[in-house]
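The residues making up each chain are set out below.
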Amino acid sequence: MVANTLFSRLSAFSAFVIPAFVWAQADYAATLKPGARVTVDIAGYKYQGTYTGPTKCRDGGQCVGVTDDDGVKKQLLPRYIKPPQAGAAAKAEAGRSTKPVGLHVCRAYSGGMLINVGKFTLNDNGTFRDQSGGGRWTWDAANSMVSFSGGAWNGQKARKLSDGSLNVQRADGGGGGATSCTKE
């Protein structure tokens, strides 16, 4: 009898608390503006992304749009969107928004081998130098994206990751390119 009563109380408690928690996450997602950086947490798997706005789920319900740091667009339930993280995660996130000035050495995988594909130096004044002379670069802090104009990198874009490296984007605009440039 005691165990049955305890189970009933726990069941009633969880029925009250879980919807309140889910509601709190949905409420947080409702306060976001497109372009806001968010943390996505799905069963302990966490990653950073950019909120793109409300959207309809495949089943017709309400979802939120998020573009992850590889440029992949996703539709997620609001409960997976978490407030910004504190501590080390916040510091890493702050590092993503600072200009990636300095020397970067780029490597790519080709034929199962890691090869050097060049280097460049990003100057704070918006110019860069590479093996072809150089050109200009612009910084989009909201998307942590560098865009190149001129030189060997003309027309390329690279996303700054939390470790400070630049991931060169594919020609179709998607992320996950095989070329990565580490800051030296």
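The following paragraphs examine the structure supplied in this document. Just so it is clear, the model here is predicted, and its values are computed rather than measured.

**Topic: the sheet that holds strand β2 (residues 45-56)**
Right, so step 1: Reading across the sheet, the five strands line up as β4-β3-β2-β1-β5 and stay open at both edges, with antiparallel pairing between neighbours. The two strands at the open ends of the sheet, each matched to only one other strand, are β4 (73-76) and β5 (81-82).
Right, so step 2: By the bridge criterion, seven bridges tie β2 to strand β3 (residues 62-68) in an arrangement that is antiparallel. Paired with T50 across the two strands is T67, which belongs to β3.

**Quick look at the state of the cysteines**
Right, so step 1: Applying the stated criterion across every chain yields a total of two disulfides.
Right, so step 2: Through a disulfide, C57 is tied to C63; the S-S separation comes to 1.6 Å. Taking the torsion about the S-S bond as the criterion, the C57 to C63 disulfide, at about 100 degrees, is right-handed.
Right, so step 3: For C63, a relative accessible area of 4% puts it in the buried group.
Right, so step 4: With its sulfur 2.1 Å from that of its partner, C106 forms a disulfide with C181.

**Quick word on the pattern of salt bridges**
Right, so step 1: Applying the stated criterion across every chain, the model contains two salt bridges.
Right, so step 2: The partner of K74 in a salt bridge is D68, with the nearest N and O atoms 3.4 Å apart.
Right, so step 3: Given a relative accessible area of 28%, K74 falls into the partly exposed group.
Right, so step 4: One salt bridge connects D124 with K99, and the closest N-O pair in it is separated by 3.8 Å. Of the two residues, D124 is situated in the loop between β7 (113-122) and β8 (127-130) and K99 in the loop between α2 (88-97) and β6 (102-110); the sequence distance between them amounts to 25 residues.
Right, so step 5: Its relative accessible area of 39% is what places K99 among the partly exposed residues.

Each value, and the rule that gives it
- Residues numbered from 1 in each chain as written.
- Predicted model: local features only at pLDDT ≥ 70, side-chain atom pairs only at ≥ 80, totals over all residues.
- Heavy atoms only, no water.
- Pairing = 2+ DSSP bridges.
- Helix = DSSP H or I, 4+ residues; strand = E, 2+ residues; numbered from the N terminus.
- Disulfide = S-S within 2.5 Å.
- Buried < 20%, exposed > 50% of the residue type's maximum accessible area, 1.4 Å probe, protein only.
- Salt bridge = Lys/Arg side-chain N within 4 Å of Asp/Glu carboxyl O.

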